[in-house]
There are 2 protein chains.
Amino acid sequence: MKGMYNDDQAFDLMLKDRDSLVYEFHELGVPEKPGNLAFGTSIVYPGKVGNEYYMTKGHFHTILDTSEVYYCIGGKGYMLMESPEGDCDIQEFTPGKAVYVPGRYAHRSINTGNEPLITFYVFRADAGHDYGTIESNGFRKIVAEQDEKPVVVNNPKWQ
Amino acid sequence: MKGMYNDDQAFDLMLKDRDSLVYEFHELGVPEKPGNLAFGTSIVYPGKVGNEYYMTKGHFHTILDTSEVYYCIGGKGYMLMESPEGDCDIQEFTPGKAVYVPGRYAHRSINTGNEPLITFYVFRADAGHDYGTIESNGFRKIVAEQDEKPVVVNNPKWQ
C-alpha cells in the first residue's frame, strides 16, 4: 500500500507499528469462467494514515464492463467509485446494506468507523483485477477526517 | 405453487389460511447484460404443507451454465440443488454462511426453522429464470419433517 495514501510520512510511521494490518480478504477459488461467480469476505480494519481512513488498494476489473455486488455484514464506511472518464460516486456501508458497483468503475472500500468493516462481495469469476491503474494514478477523491467527521476531498496526489 | 408440494390436500388447506404467504423476494432491477449482476433478498416464511417445509418454487437459469451465490442473513434451512442429469446436492443455510449454486443446477430454498429464512442472492443479470422444467417435473428430492427433524427423501411426485 506504499504510496497509496496521501501522507507518506504517516504511512512509514504506521509500518513501524506491529498492528498495522489495514485489510485482508478471504475467498474460496472458483474456475475463472464467465458463468461462475467469485465471492468472499473483505475486512478493512479501523485506523487512519495521517487523516486518511484505512482503505483497500482499489481496482478496476480487467474485463472493464463487469460489475460487483457488496453486502455489508458489519462496521461502517464507504465504497468509493470512479470511472476511467472521471465520474465519481460514493456509497455508504452500514450493516445489512448492499452496494452495487457498476461495470467500468474502479472501487475501494474505506473504513470510517471504530470496528472492522466487513463486507461480502460477489463478481463474475473471469472479471480479473487491474490494480496497476490505481497504483499509478490513485483515485481522484480521498476520504479523510476533518473535525472528527469523514469528508470527501480531492486527492492532491492524483495524476 | 399449486402442485409443487407432495401433499395437494394440505396445500389446498393452506390456501384457505390468510397467513399462507410462503415466500417473497425483493430485487432492484438492473439491465440484463452479461457484465451486470442482479441481486436481492429472498424471504421464505416458516411453515409446512403436510410434512413438507415451506420452500421456493425453484428454477434453472435460462443460460444454464451460470451460477448463483447466496448469503444467509437469518433463519435456517437448506438449498436443494439438482442438475439436468440428476446429480443432487444439498447445503445448509445458517446465518453468516454462503452457499454456492454451480452453473447448470436448479435450486430451491427450504425453511426448516421457526423464523423467516432470509438470504441475499447474486446472479449474472442476463442468466434468466426457467421455472417451467421444475413445475413440470419437480425436484428428485424433497425435504420433509420426520420425528421432528428435516430429512431428505425421494419425491414421490417426481417424473
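Whatever comes next refers back to the structure up there.
Residues numbered from 1 in each chain as written. Chains lettered and ligands numbered in written order. Predicted model: local features only at pLDDT ≥ 70, side-chain atom pairs only at ≥ 80, totals over all residues. Heavy atoms only, no water.

> Mind showing me how you'd approach the layout of surface pockets here?
It is the rolling of a water-molecule-sized probe over the atoms that shows where space remains empty. All names here are of chain B. The space that makes up the largest pocket amounts to roughly 250 Å³. In terms of lining residues, the largest pocket is bounded by 17 residues, among which Phe 25, His 59, Tyr 70, Tyr 121 and Tyr 131 are the most central. Those elements giving two or more residues to the lining of the largest pocket turn out to be strand S1 (23-27), strand S6 (68-74), strand S10 (106-111) and strand S11 (117-124). Along the lines of polarity and charge, the residues of the lining of the largest pocket split into seven nonpolar, seven polar and three charged. (1 Å grid on protein atoms, 1.4 Å probe; cavity = no way out; pocket = protein on both sides within 12 Å on 5 of 7 lines; lining within 4 Å. Points joined across faces, edges and corners; volume = space filled by probe spheres on them. Helix = DSSP H or I, 4+ residues; strand = E, 2+ residues; numbered from the N terminus. Nonpolar A, V, L, I, M, F, W, Y, C, P; charged D, E, K, R; others polar.)

> When you look at the sheet that holds strand S8 (residues 88-93) of chain B in this model, what are you seeing that I'm missing?
Two orientations exist for strands paired in a sheet by backbone hydrogen bonds: parallel and antiparallel. All names here are of chain B. The antiparallel open sheet is built from three strands, whose spatial order is S8-S7-S10. The two strands at the open ends of the sheet, each matched to only one other strand, are S8 and S10. Averaged over all pairs of adjacent strands, the angle between strand axes in this sheet comes to 20°, irrespective of strand direction. For strand S7 (residues 77-82) and S8, the ladder comprises six bridges, and the chain directions are antiparallel. The residue bridging Gly 77 from the neighbouring strand is Phe 93, located in S8. (Pairing = 2+ DSSP bridges. Axes fitted to C-alpha atoms, helices over the stretch in contact; angles between N-to-C directions.)

> Can you walk me through the packing of aromatic side chains in this structure?
Each pair of aromatic rings is reported with the distance of its centres and the angle of its planes. Residues and elements named next belong to chain A. Scanning the model with the defined rule gives 15 aromatic pairs over all chains in all. Seen from their ring centres, Tyr 70 and Phe 93 are 6.1 Å apart, and the 55° between their planes marks the pair as tilted. In this pair, Tyr 70 is assigned in strand S6 (residues 68-74) and Phe 93 in strand S8 (residues 88-93), connecting sequence segments 23 residues apart. Judged by relative accessible area, Tyr 70 falls into the buried class, the value being 6%. (Phe/Tyr/Trp six-rings, centres within 6.5 Å; stacked < 30°, edge-to-face > 60°. Buried < 20%, exposed > 50% of the residue type's maximum accessible area, 1.4 Å probe, protein only.)

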